Amino acid sequence: MQKVTRFAAAALVALVPLGACSQGADAPPAAESDGARETLAAAIGGAPGLTTLSDALSGAGLADVFDGPGSYTVLAPDDDAFASLGEDGKALTDPANRAELVAILRGHILPGHLTPEAIKQAIADKKGPVKMRTLADSTVTFSADGDAISIAGESGARAKVDGEALVASNGVVLPINGLVKAAPKS
Amino acid sequence: MRKFLIGAAALALAASAAHADPGNGKGDGKGGDKGGGQAAAGPADPGNGGGKAKGGDKADRGPSMHSAKADRGPEMRADKADKGAARQMGRPNDRVDVVRDVRTERRADRDVRGIDRDDMRDDRFDRDGNRGLIEGCPPGLAKKNNGCLPPGLAKKRDGYRDANYRPSWFGYSSLGDGRYQYDDGYLYRMDNRGSVLGYIPLLGGALSVGNQWPEYFQPVSMPDYYVDYYNLGAQDSYRYADDVLYRVDPQTSAITAIAALLTGDQFNVGQSLPMGYDVYNVPYEYRDRYAEGPDANYRYSDGYVYQVDPETQLIAAAIKLLT
């Protein structure tokens, strides 16, 4: 099994736009053809701007999940998103609060491989917002916001996809600019 | 023995289902070659199913830790909110037609292993076994005056940790609302006087790498398919609770890794696609084979790809992606 290598060089894989008619006929991402795609854990670990998330996943023990055989899509709040939480964000990284952090992170994990193109196609097909379940027994709602994809959690927290999707061997990372699940306020 | 207080919820969407599988045996190993070169999945098997299987397929798995959990195969849970509605496993007359994604040349191997199609027809397990509120105080926390109070809750705390949580926030939607508080890896059910009535060990908290697997959580025997798909190994080397698979040291029962997160969603052939699968999410290596088209949509969940009728949104087949 591949080790988590946070600082390993990780190619940022640009997605090739999917075919308009068939989501399944999407061309493979650039790195797929070389047969050497890294795992989700490595992709997150090597991505600039996802340092906080990578540390959180490692600290929470979830990095192993993303080195494993399951297929997931990670809605990845960037460092600025965590920083914007202020003191609450700092509290989340306290080991004593790790279970809460994990609950939040689970709300950012979706089953399977979702690409921006597939999400946009689904929105277009449905002519409106679409839902995907998370690994936290909840759903997130995707909607179009101009050319961007907006994501809403069940509590109403919103974020946008703000970076290129990273395609790993066992999933996809979608960088987002906020958290779509947060701890309840006291 | 501690008593699990499972909340009774009522949103049963559908009955659970068993599986029929036209073939068994393992594919080409999970790893880098998951999809390449695989033959088209065979047709869904209309003949087998019948969720009656319960234990007949466990002979090759060693002794079960407890008989009620001897079933294997993905439990087709009626609904996430149905967790409290009995943990019984065998629900007759339910069926999911399953085809397995394997190389055709492997079919001979499967036959050699002597695993017949009935072996895999039931892909359920006891999801509800390790789920729910546990009465009393967590281990090591002494009861005082008809209750117990975790150290972290005994003092004024800062920030959001003072919040009352709904169990559903941690994924326990069956427990309903109530006064719950978090402290040091557990979610505590409190009474009006602030005493602890029960507790839930949480992923990332009490259920963390390096911690001992709690004795009050029974081992759950996972279906062969899950064991293979998630590389779980022998039965004494993994544990399950609350839609999470853990790896444990067989000797010490210490948690060594979190193996996988599961959706726990129920997919029954002939029934509607569960809510929350609006987007095509088939893993890349299977997209050529399971491409969206006018005649079929495909969705992935917990190691399976489900074929869905685009018009009716009914599930037409469950396809194992082994390995």
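Thresholds applied
- Residues numbered from 1 in each chain as written.
- Chains lettered and ligands numbered in written order.
- Predicted model: local features only at pLDDT ≥ 70, side-chain atom pairs only at ≥ 80, totals over all residues.
- Heavy atoms only, no water.
- Core = buried A, V, L, I, M, F, W, Y, C linked by side-chain atoms within 4.5 Å.
- Buried < 20%, exposed > 50% of the residue type's maximum accessible area, 1.4 Å probe, protein only.
- Helix = DSSP H or I, 4+ residues; strand = E, 2+ residues; numbered from the N terminus.
- Contact = heavy atoms within 4.5 Å.
- Pairing = 2+ DSSP bridges.
- Axes fitted to C-alpha atoms, helices over the stretch in contact; angles between N-to-C directions.
- 1 Å grid on protein atoms, 1.4 Å probe; cavity = no way out; pocket = protein on both sides within 12 Å on 5 of 7 lines; lining within 4 Å.
- Points joined across faces, edges and corners; volume = space filled by probe spheres on them.
- Nonpolar A, V, L, I, M, F, W, Y, C, P; charged D, E, K, R; others polar.
- Buried area = accessible area lost by both parts, 1.4 Å probe.
- Salt bridge = Lys/Arg side-chain N within 4 Å of Asp/Glu carboxyl O.
- Polar contact = N/O pair within 3.5 Å; in protein donor to acceptor, adjacent residues only side chain to side chain.

J.: I would appreciate a short explanation of the nonpolar core in the present structure.
T.: The nonpolar side chains of a soluble globular protein tend to be buried, and buried together. Judged by nonpolar contacts, the single largest core of 122 residues is most densely connected at L62, F66, Y72 and F142 of chain A together with M222, Y230 and L261 of chain B. For this core, the element with the highest residue contribution is helix α5 (residues 98-106) of chain A, accounting for 6 residues. In contact with F66 of chain A, other than residues within four places in its own chain, are T39, L40, A41, L57, Y72, V74, I109 and N170 of chain A.

J.: Got a minute to help me understand the sheet that holds strand β10 (residues 244-248) of chain B in this structure?
T.: Paired through backbone hydrogen bonds, the strands of a sheet run either parallel or antiparallel to each other. All names here are of chain B. Taken in spatial order, the 3 strands make up an open sheet running β9-β10-β11, and their pairing is antiparallel. Where the open sheet ends on each side, the last strands, each with one partner, are β9 (238-241) and β11 (255-261). Here the strands of the sheet are splayed against their neighbours by 25° on average, with no regard to which way each runs.

J.: Would you mind going over empty space enclosed by the protein with me for this structure?
T.: Empty pockets left among the atoms are what a rolling probe the size of a water molecule brings to light. Under the defined criterion, the tally for this structure stands at 6 cavities of 30 Å³ or more. Taken as a whole, the largest cavity holds about 60 Å³ of empty space. Contributing to the lining of the largest cavity are A99, A103 and R106 of chain A together with F170, Y172, P201, L202, L203 and D242 of chain B. Considering each element in turn, the lining of the largest cavity owes the most residues, 3 residues, to α5 of chain A. Residues that form the lining of the largest cavity fall into these classes: 7 nonpolar, no polar and 2 charged.

J.: What am I meant to see in the sheet that holds strand β1 (residues 72-77) of chain A here?
T.: Residue and element names in this part refer to chain A. Read across the sheet, 4 strands follow the order β2-β1-β8-β7 without closing on themselves; strand pairing throughout is mixed. This sheet does not close on itself; its edge strands, each paired only once, are β2 (109-111) and β7 (166-168). The sheet shows a mean angle of 20° between the axes of neighbouring strands, taken without regard to direction. Relative to strand β8 (residues 171-176), β7 runs antiparallel, the two sharing 3 bridges. Residue pairing in the sheet places L166 in a bridge with V173 of β8.

J.: How should I be thinking about the interface of chain B and chain A in this particular structure?
T.: The parts lose accessible area when they come together, and the size of an interface is often stated as this lost area. Counting residues at the interface gives 54 residues for chain B, matched by 57 residues for chain A. Both faces considered, chain B and chain A share a buried interface measuring about 4300 Å² in area, 58% of it formed by carbon and sulfur atoms. Inspection of the chain B/chain A interface yields 3 salt bridges. With a closest N to O distance of 3.7 Å, D242 of chain B and R106 of chain A form a salt bridge. At the junction of chain B and chain A, the tally comes to 16 residue pairs in polar contact (both at pLDDT 80 or more). Of all the elements in the fold, those that place two or more residues in the side of chain B that touches chain A are β5 (164-165) and β11 of chain B.

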